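Fold and contact review
If you want the building blocks of each chain, they are given just below.
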Amino acid sequence: MSDSLRSSARPGGPPGVRRKLTERAWWPWLRRAATTVFFGLVAWLLVSQARTIEWGMVLSSLQDYSLSASWSALALGAASYALYSCFDLLGRHYTGHRLRASTVMQLTFVSYAFNLNLGSVVGGIAFRYRLYSRLGLAMGTITRVISVSMLANWMGYLLLAGLVFSLQPPALPPSWKIDAFQLRLIGFALLALALAYLGACAFSSQRSFSLRGHDIELPSLRLAGLQLAMGAGNWLLMSGIVFILLQQRIDFFSVASVLLLAAIAGVITHIPGNLGVLEAVFVALLSHRMPQHELLAGLIAYRVVYFLGPLLVAAVVYLVMETRARKTAPPKD
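Throughout this document, residue positions are counted from 1 along each chain, in the order its sequence is written. Only residues with pLDDT of at least 70 get local features here, since the model is predicted, and only at 80 or more are side-chain atom pairs given and counted; chain-wide, interface and lining totals rely on the full set of residues. Heavy atoms from the whole structure form the basis of all side-chain values; hydrogens and water molecules are not counted.

What to know about helix H5 (residues 87-95)
Residue exposure (1.4 Å probe, protein chains only): buried if accessible area is under 20% of the type maximum, exposed if over 50%, otherwise partly exposed. Counting from the N terminus, the helices are DSSP H or I runs at least four residues long and the strands are E runs at least two residues long. When H5 is considered as a whole, its buried residues turn out to be Phe87, Asp88, Leu90 and Gly91. For H5, the arc enclosing every buried residue in end-on projection is 145°, short of the 170-degree limit, so these residues lie on one face. Two residues qualify as a contact provided that any one of their heavy atoms is within 4.5 Å of a heavy atom in the partner residue. Contacts from the buried residues of H5 go to helix H4 (67-85), helix H6 (101-118), helix H7 (120-134), helix H8 (139-167) and helix H10 (221-245). Positive backbone phi, at 80°, marks Gly96, one or two positions downstream of H5. Each C-beta atom gives one direction from the helix axis, and the arc is the one those directions make.

Structure representation (C-alpha cells):
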C-alpha cells in the first residue's frame, strides 16, 4: 500500500484534514473566549473609572446646573459623536466602497467610543479593521478609510489649535518650560502645517504615496477642506461641553486652548482615556480662575457625559453587531 493510501486509511484521514478538523474544533471556543475577555475588559474599565469618581461631588455640582445647561451638554455630546461618526463617510467617498452610510456611521461611533476610553490602537484602528473586514472590505481599503478619518481629526486639531494658540494663548504657569509667546509661535507653526496640507492637496503634482505597502492618494481640495472643517468642528463641540459643565465661568477660548493642550499631553503619555492627564492640565492652568473642587467636578461630569456614557452605549451596539454578524455568516462546511 502506498504512503498516500496508508495516510488516508488512518482514522481521521490525512494529516492536513485532521489538522483542519482540529482547528475547526478549537477556533470557535477561542473566539468566544476572546469575546468574553473583551467584554470583561469593558466592564472592568467602567467599574474602575466609576470607582475613581467622587459621585457626591458630581451630584452636588450637577445640582447647581440649570436643566437647560445639563441638556445642552448632553446635546453637544450627541452632536459631537454624530459628527465624528461622519468622518468615515469621507473615507467611503474617497475609496468608493459600497457599505451603507448608516452602517459606516454605526461602526465609526463604536470605534470612537472605544478609542476615547481604550486608546487609538484598540478603538481607532483594531476595531475598524475587525468590523470593516467582517463586512467584506479589503485591508487596503480599510487602511485608506482609517487614514482619511485620522487626518480629519488631527488636521482639524492643527487648524483649531493653530488659531487658538496664535490668537489667544492661555496663561501658562511659571513652572512650564514654554511661555505664552512661545505657545503663540507654536500656534503659527500648527496653522502653517494645516494650510500646507490644503496646499498639497490642491497643488501637489505627486498625488500618491506608499504607506506600509498600501498606496495612499492625496484627497481633493474639497475633501481636504471637509476634513479640516469637520475635525475642527468636533474639537469645538468637545470644548463646548467642558465650557458648559464648568458653568461658563471661564471663557470659551481658554477652555478650548486647555483642552487642546490636554489632548497632546494625553497622546504623549499614552494613557487610555487621558485619565488623570486631562484633570491635571486643567487644574494646573485654570485652578487660579475657579475653585479646584468645582473644576474637578465639571471635568468628572464631562467624563460621564462624553466617555463613560457613550462607552456603555457602544458596548451594547457592538454586542448587537457581533450577534447579527454571526447570524448572517454563511454556514461552514
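Here the narrative resumes.
Quick notes on the pattern of salt bridges
The rule for a salt bridge is simple: a side-chain nitrogen of Lys or Arg has to be within 4 Å of a carboxyl oxygen of Asp or Glu. Counting across every chain of the model gives 4 salt bridges. Ionic pairing is found between Arg289 and Asp251, a salt bridge with its closest N-O pair at 2.7 Å. Pair noted here: Arg289 is in the loop between helix H12 (277-286) and helix H13 (292-328) and Asp251 is in the loop between H10 and helix H11 (252-269), with a separation of 38 residues, a long-range link. The class of Arg289 is partly exposed, set by a relative accessible area of 38%. Its salt-bridge partner being Glu279, residue Arg303 comes within 2.6 Å of it at the nearest N-O pair. Highlighted residues: Arg303 in helix H13 and Glu279 in helix H12, separated in sequence by 24 residues.

So, the packing of H6 against H7
The angle between two axes is taken between their N-to-C directions and runs from 0 to 180 degrees, where each axis is a line fitted to C-alpha atoms and a helix contributes only its stretch in contact. Contact pair H6 / H7: the axes reach a minimum separation of 6 Å and the direction vectors enclose 150°. In terms of orientation, H6 lies roughly antiparallel with respect to H7. The chirality of how H6 crosses H7 is right-handed. Where H6 abuts H7, its residues Val104, Leu107, Thr108, Val110, Ser111, Phe114, Asn115 and Leu118 lie against Ser120, Val122, Gly123, Gly124, Phe127, Arg128, Leu131 and Tyr132. Angular relationships are summarised with four words: roughly parallel below 35 degrees, roughly antiparallel beyond 145, roughly perpendicular across 65 to 115, and oblique for the angles in between. Take the far helix as your reference; a near helix turned counterclockwise from it by less than a right angle gives a left-handed crossing, and one turned clockwise gives a right-handed crossing.

Topic: the environment of Ala315
Position of Ala315 among the secondary structure elements: in helix H13. The exposure class of Ala315 is buried, given its relative accessible area of 10%. Along the primary structure Ala315 and Phe114 are separated by 201 residues, whereas in three dimensions their C-alpha atoms are 8.4 Å apart.

Some words on the packing of H4 against H10
Look at H4 against H10: their axes get within 9 Å of each other, and the N-to-C directions meet at 160°. As summarised for this structure, H4 and H10 are arranged roughly antiparallel, according to the angle between their axes. Note that H4 runs across H10; the crossing there is left-handed. In this structure, H4 uses Ala69, Ser72, Ala73, Leu76, Gly77, Ala79, Ser80, Leu83 and Tyr84 to contact H10, whose residues at the interface are Met230, Gly233, Asn234, Leu237, Met238, Gly240, Ile241, Ile244 and Leu245. Residues are grouped as follows: Ala, Val, Leu, Ile, Met, Phe, Trp, Tyr, Cys and Pro are nonpolar; Asp, Glu, Lys and Arg are charged; all remaining types, including Gly, are polar. Grouping the constituent residues of the contact of H4 with H10 by class yields 12 nonpolar, 6 polar and no charged.

Thoughts on unusual backbone geometry
Of note, Gln247 is a non-glycine position whose phi angle comes to about 60°, a positive value. Judged by relative accessible area, Gln247 falls into the partly exposed class, the value being 27%. Although it is not a glycine, Gln248 sits at a positive phi angle of roughly 55°. By the element assignment, Gln248 lies in the loop between H10 and H11.

Regarding the side chain of Ser149
Topologically, Ser149 is positioned in helix H8. The class for Ser149 is buried, based on a relative accessible area of 0%. If near-sequence neighbours (up to four positions away) are discounted, Ser149 is found in contact with Tyr84, Phe87, Asp88 and Arg128.

Side note on the side chain of Ser80
As for its placement among the helices and strands, Ser80 is situated in helix H4. Under the rule applied, a polar contact is a pair of N or O atoms within 3.5 Å (in protein, one hydrogen donor and one hydrogen acceptor; residues adjacent in sequence only if both atoms are side-chain atoms). Looking at Ser80, its side chain comes within polar contact range of the side chain of Tyr306, at 2.4 Å. When near neighbours in sequence (up to four residues on either side) are disregarded, Ser80 contacts Tyr112, Asn234, Leu237, Met238 and Tyr306.

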